[in-house]
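Fold and geometry: a report
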Amino acid sequence: MIRSFRLQITAWYLLLFTVLFAAFSIFFYEVLDRALHKRLDESLSAAVGTAAGLFRDEMAELHGDATAAAREVTSEISIQHVLVAVFEGNKLLSSNAPLKSAELPSIAARASGTNRSELRTTLPQYGKHGARAVARALVVDGKHYVLLAVESLHSIKSDLAVVRNVLFLALPLVVLIAGIGGFLLATRSLAPVRSMADQARHITDKNLNTRLDIGAAHEELQVLADSFNELLSRLDQSFETMRRFVADASHELRTPLSVIRGEADVALARDRGPGEYRESLAIIQDEGRRLSRLVEDLLNLARADAGHANLRVEEFYLNDLLAECCRSLEAAAGARQIDLECRCPGDVAFRGDQELLRRLVLNLLDNAIRYTPAGGKILVSLEAAGSELRILVSDTGIGIPPEAAPYIFGRFYRGDQARSRQNGGFGLGLSIVKWIAESHKGTVNVTSEPGKGNTFPVQLTR
Ligand code: ADP
């Protein structure tokens with residue numbers, strides 16, 4: 001099995017070419033063979049025609065002496081290599097050369113018996129190469145005569161032999177030239193593929209913005225290059241996202257870590273009273289909690305990116321889950337004088353990952369509490385219509401400016417009001433909400449009125 005594509009193309013090309021050349025040679029040889037025979041027949045026909053005219057004239061002149069007229073004819077008509085003979089029935093009257101075949105009288109007899117003007121036949125046994133004979137019947141003074149012209153096939157056969165030899169010699173030469181030509185053509189056609197491979201070999205994660213260039217000519221290969229370039233664009237984009245994610249994550253990790261280290265350094269710089277130590281430890285504990293939350297969020301997103309966040313699917317009541325979430329954040333909402341209400345119908349069963357959905361609701365509630373001023377209200381409700389479920393988390397908080405709305409579900413996006421450390425977000429909460437909704441084949445959106453509040457509808461299907 002040939003592994004080189006170039007050689008395979010050349011081999012196929014060569015095979016096709018050889019078959020075509022052989023077919024053409026056979027066809028050409030056949031046509032030539034027929035043409036040569038036809039020409040021979042025509043010249044023999046012309047010879048008997050002339051001989052017949054002459055025979056009639058001589059018969060008139062010699063007052064019906066057929067033998068003398070025949071002799072006149074055969075002596076006057078002298079065409080190289082052509083035997084001319086005059087028969088009466090099957091009896092030879094005269095010929096310009098000795099008859100080489102005993103078949104000729106019987107041909108003459110056959111011709112005189114028919115009313116066909118001319119009889120054409122091949123004599124395979126005539127001489128070394130066989131011959132072609134044309135006989136013409138003639139009636140003069142009520143008697144039947146036959147004029148016969150015979151020519152050996154020698155010259156036709158030797159002409160055909162020359163052509164055959166030329167074709168046999170030409171075949172290997174033509175095949176050789178075609179093979180070299182085919183190989184050069186295949187090499188030339190595949191050159192852009194080689195060039196693409198060379199260019200692709202030099203593309204690494206450092207220069208993913210490079211694109212393959214194969215010039216303007218090759219339309220078919222352009223499709224391949226375009227697909228490869230699109231793949232590079234997608235890779236480039238995901239590498240960029242990954243780089244940004246790592247940079248943002250490191251940046252977020254650095255802040256709490258430096259707070260912890262700074263606080264510990266200050267506390268240990270000299271002996272302090274128990275109150276001061278407690279204060280430092282409380283700050284360290286607080287930052288430790290932030291760190292754990294951040295690490296957990298990052299882990300969740302890493303699972304999402306890896307594409308195999310195995311959902312622990314189980315059946316549970318979504319209304320119970322919402323009620324639990326509200327209960328667990330009631331104190332936090334109360335501390336900020338926010339009214340938190342949960343309006344859920346009874347027993348809405350759902351199959352999904354309970355832990356992840358709890359995180360989704362808690363993230364939305366956490367945001368609602370953080371971005372709603374004292375005296376505000378948060379409402380969690382659940383709507384069920386057939387297989388469609390909708391969780392709505394609404395607040396009367398600061399709302400989201402329209403220009404920020406497209407970005408809030410992006411990673412590490414934080415609104416202006418959220419940048420202060422006491423609000424404490426990392427900009428990952430909503431991207432986790434989006435991932436959880438989508439991993440349950442659902443969606444999450446936002447409708448917002450700046451200054452008046454937001455509603456986050458989470459659409460799920462059971
Ligand atoms: P963060 O940890 O900063 O809250 P999120 O991903 O949860 O990160 O939210 C992204 C941004 O969306 C927030 O910084 C904030 O500007 C805006 N946002 C989210 N929820 C609300 C809300 N309920 N009210 C107003 N703004 C919100």
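These notes cover the structure that comes with them.

Conventions we followed
Residues numbered from 1 in each chain as written. Predicted model: local features only at pLDDT ≥ 70, side-chain atom pairs only at ≥ 80, totals over all residues. Heavy atoms only, no water. Helix = DSSP H or I, 4+ residues; strand = E, 2+ residues; numbered from the N terminus. Buried < 20%, exposed > 50% of the residue type's maximum accessible area, 1.4 Å probe, protein only. Pairing = 2+ DSSP bridges. Axes fitted to C-alpha atoms, helices over the stretch in contact; angles between N-to-C directions. Contact = heavy atoms within 4.5 Å. Near = heavy atom within 4 Å. Polar contact = N/O pair within 3.5 Å; in protein donor to acceptor, adjacent residues only side chain to side chain. Areas by Shrake-Rupley, 256 points an atom, 1.4 Å probe, with all protein chains shown as cover. 1 Å grid on protein atoms, 1.4 Å probe; cavity = no way out; pocket = protein on both sides within 12 Å on 5 of 7 lines; lining within 4 Å. Sits in = over half its atoms within 2 Å of the grid points. Nonpolar A, V, L, I, M, F, W, Y, C, P; charged D, E, K, R; others polar. Arc of directions from axis to C-beta. Salt bridge = Lys/Arg side-chain N within 4 Å of Asp/Glu carboxyl O. Patch = residues over 30% accessible without salt bridge, like charges linked within 9 Å, V, L, I, M, F, W, Y side chains within 5 Å. Lys, Arg positive; Asp, Glu negative; His and termini not counted. Charge placed at Lys NZ, Arg CZ, Asp CG, Glu CD. Parallel < 35°, antiparallel > 145°, perpendicular 65-115°, else oblique. Left-handed = near helix turned anticlockwise from the far one by under 90°.

Non-glycine residue H81 carries a positive phi angle of around 65°. Tracing the sequence through the fold places H81 in the loop between helix 2 (66–76) and strand 1 (82–88). Phi is positive for D141, close to 55°, though the residue is something other than glycine. With respect to the element layout, D141 can be found in the loop between strand 4 (131–140) and strand 5 (143–152). Relative accessible area serves as the criterion here: at 65%, D141 is assigned to the exposed category.

Side-chain positions along a regular strand alternate between the two faces of the sheet. In terms of residue burial, strand 1 counts as a mostly covered element, since six of its seven residues are buried. Pairing analysis gives seven bridges linking strand 1 to strand 5, with the strands arranged antiparallel. Bridging across to strand 5, V82 finds its partner in E151. Linking two consecutive strands that pair antiparallel, namely strand 1 and strand 2 (residues 91–95), is a turn of two residues; a positive phi of about 65° is found at G89 within it.

Read across the sheet, five strands follow the order 2-1-5-4-3 without closing on themselves; strand pairing throughout is antiparallel. Edge positions in the sheet fall to strand 2 and strand 3 (118–123), since each of these pairs with one other strand and no more. Averaged over all neighbouring strand pairs, the angle between strand axes comes to 25°, with direction disregarded. Sheet strands touched by helix 1 (residues 5–61): strand 1, strand 3, strand 4 and strand 5. Its angle to strand 4, the strand with the most contacts, is close to 30°. The sheet contacts of helix 2 involve strand 1, strand 2 and strand 5, and relative to strand 2 the element is tilted by about 40°.

Turning our eyes to something else, we now look at the site of the ligand. Around the ligand, 21 residues are found, and the nearest of them are N367, Y371, G415, L430 and N454. Contact distances for the ligand include 3.0 Å between an oxygen atom and a backbone N or O atom of F426. N454 is positioned such that a nitrogen or oxygen atom in its side chain is 2.7 Å from a nitrogen atom of the ligand. Protein contacts shield 97% of the accessible area of the ligand, which totals 530 Å² for the unbound molecule. In this structure the site holding the ligand corresponds to the largest pocket. Here the shell around the ligand gets three residues from one element, more than from any other, and that element is helix 8 (residues 354–370). Each residue belonging to the shell around the ligand can be placed in one class, and the counts come to 11 nonpolar, seven polar and three charged.

Attention shifts here to helix 2. Looking at helix 2, one finds that the buried residues are A66, A69, A70, V73 and T74. An end-on view of helix 2 places all buried positions within 130° of arc, on one side of the element. Helix 2 presents R71 and S75 as exposed residues on the side facing more than 90 degrees away from its buried surface. For helix 2, the secondary structure elements touched by its buried residues are helix 1, strand 1, strand 2 and strand 5.

What follows deals with the pattern of salt bridges. Inspection of the entire model under this criterion finds 21 salt bridges. We note a salt bridge from R272 to E276, for which the minimum N-O separation is 3.1 Å. Look at R272 and you get buried, because its relative accessible area is 18%. Ionic pairing is found between R343 and E341, a salt bridge with its closest N-O pair at 3.2 Å. Taking the relative accessible area as the measure of exposure, E341 reaches 26% and is therefore partly exposed.

Next up on the list: a negative patch on the surface. A surface patch of negative charge is lined by D57, E61, E72 and E76. Of all the secondary structure elements, the ones that give two or more residues to the negative patch are helix 1 and helix 2.

Two numbers describe how helix 6 (residues 274–306) lies on helix 8: the axes approach to 14 Å, and their chain directions differ by 135°. It follows from the interaxial angle that helix 6 and helix 8 lie oblique. Note on packing geometry: the crossing formed by helix 6 with helix 8 is left-handed. Of helix 8, the residues touching helix 6 (which contributes R293, E296, D297 and N300) are R359, D366 and R370. In terms of residue class, the contact of helix 6 with helix 8 is built from no nonpolar, one polar and six charged.

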